[in-house]
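# Descriptive analysis of the structure
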Amino acid sequence: MSAIQPSVAQDRSKQASAPVGGSAPNAVGSVGAPIDYLLHLADNAVVLGQRNAEWCGHGPILEEDIAMGNVSLDYIGQARLLYQLAATRLGGDVTEDKLAYFRDDTQFRNYTLLELPHNGPLVGYAVSNRDYATTITRNFLYGALMVLVWEALEKSPDADLAAIAAKSLKEARYHLHHAADWLVRFGDGTDESHQRAQAALDHLFAYTEEFWTPSAAEEAAVASGAGVDVRSLRAAWDGIVNDTLTEATLVRPEVRGYVTEGKHGRHSEHLSYLLGEMQGLARAHPGATW
Amino acid sequence: MSSVVEQVWATLEPLTDPEIPVVTLRELGILRDVSETAEGVEVVITPTYTGCPAMGQIEDDVKACLAQAGIAARVVTRLAPAWTTDWMSDEAKEKLRAYGIAPPHTTRPAVSVVKFMRHRPVPETVACPRCGSTHTAVSSQFGSTACKALYKCLDCQEPFDYFKPY
């Protein structure tokens, strides 16, 4: 894909070794989070927001259709605030839209977990290619991380990032609450729902290992003082996950083997299709507005 | 308060929320501040939910209202401190209830996430805006807009929106 690319993303070899940004000139506080760190947080939000929005009009029940629309809106709203902040600090002609619509798949810094389709291992046939247990399990695993991330970033010396974190935390709590409620219902529900929830958990859990191995952007964010060391959140995440899985009568899978590297820009094939759909309109009609 | 600032407040007073037309932007706490700066008059608004689609409309409404009154003012969006339903006046909460939306409870004091999860099963007691009964149940944490949850009254059987504490 050839596309207009913001300056942040033009030199991939440079981006892989050293994060672009550092202390930003436009930061309100004395400490500015690295641009790549803001993009990592923004990409996570936009990709899961886009993925979950696929349920819009197809939810298993009306209430959940509406819930997933609302959760997606929150994620896309969070992504917009983060992209706007990154664009402001990058300056020039960079805009939130350029960052969301005109970067290619390998320039995205989201966790691989978030780009996976909704069809878990038990579903994926023509009749129904979306499995709500997979959706809920992913939202739970990621939601449990994000309440901890935002809670930490709310105290970031990067005042702009702290303001976004304080807003996002309020939303993240509702997201986690929602996902945990449903995971318990599925796990401690019928044989069918239990089986699907366990299968989704077995399928997705290995992807959470990616949370705990810091990327260059995350390390730079910690070094700048503006970011949070994800490893420091692991015990609390384990606590939330283990408590909820126990209540849901689900078994936490043993994880070993390959650790995914989406946040380093090495993605599964699924991200390309997701971005193809999300970015197609903006690229076909550059500058179009509603 | 200077006369210009007073005039701006008065001009913007009739503006209501696009989704909930019974409460004003001021009562909701979205219209935060009006001040005179070196660059002219500045109107500060703050977003409710990050993805609330009404925010664009609200900003447009504020700008259009100022333009119509012939007032030159900048409209600035400010994120911190984060908007909270605790800023809503008692008067606004009563208007919500009369409109059929159960008003938000005061937000719970901040607790750590782990504690929050432990307390997760305790649902909030929300009074039905129609009959006043507290014999109600949550249908969904997410309702017709980002800021509302869907409840039902187990006495009068009516479904209703609850403005979530945020």
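It should be noted that the structure appears before, not after, this text.
### Some points on the interface of chain A and chain B
Contacts between the two partners involve 29 residues from chain A and, on the opposite side, 20 residues from chain B. Elements supplying a minimum of two residues to the side of chain A that touches chain B: α3 (62-90), α6 (132-153), α7 (159-187) and α10 (234-247) of chain A. Among the elements that line the side of chain A that touches chain B, the one with the most residues is α7(A), at 12 residues. Partitioning the side of chain A that touches chain B into residue classes produces 14 nonpolar, 7 polar and 8 charged.

### Some thoughts on the pairing of strand β7 (residues 159-163) of chain B
Residue and element names in this part refer to chain B. The buried fraction of β7 is high, at 4 of 5 residues. Examined bridge by bridge, strand β4 (residues 101-102) and β7 share 2 bridges and lie parallel to one another. Paired with alanine 102 across the strands is tyrosine 162, a residue of β7. In terms of strand pairing, strand β6 (residues 148-153) meets β7 through 5 bridges, oriented antiparallel. Considered in β7, the bridge of lysine 148 is made with phenylalanine 163.

### What to know about unusual backbone geometry
Excluding glycine, most residues fall at negative phi; most peptide bonds, likewise, are trans. Look at the link from Ala80(B) to Pro81(B): it is a cis peptide, with omega at -5°. Turning to its location among the elements, Pro81(B) is positioned in the loop between β3 (73-77) and α4 (90-99). Unusually for a residue other than glycine, Thr249(A) sits at a positive phi of about 55°. Among the structural elements, Thr249(A) can be located in the loop between α10 and α11 (269-284). Unlike most non-glycine residues, Gln157(B) shows phi in positive territory, near 70°.

Conventions adopted
- Throughout, residues of each chain are indexed from 1 in the direction in which the sequence is written.
- Chain labels run from A onward and ligand labels from 1 onward, assigned in the order the entries are written.
- Only residues with pLDDT of at least 70 get local features here, since the model is predicted, and only at 80 or more are side-chain atom pairs given and counted; chain-wide, interface and lining totals rely on the full set of residues.
- Throughout, a pair of residues is in contact if the C-beta atoms placed from their backbones lie within 7 Å.
- By the criteria applied, helices consist of DSSP H or I runs no shorter than four residues and strands consist of E runs no shorter than two, each listed in order from the N terminus.
- In the scheme used here, Gly and all other residues not listed as nonpolar or charged are polar, with Ala, Val, Leu, Ile, Met, Phe, Trp, Tyr, Cys and Pro taken as nonpolar and Asp, Glu, Lys and Arg as charged.
- Exposure criterion: with C-beta atoms placed from backbone coordinates, a residue whose C-beta has 20 or more other C-beta atoms within 10 Å is buried, one with 12 or fewer is exposed, and one in between is partly exposed.
- Pairs of strands are assigned from DSSP output, requiring at least two bridges between the strands.

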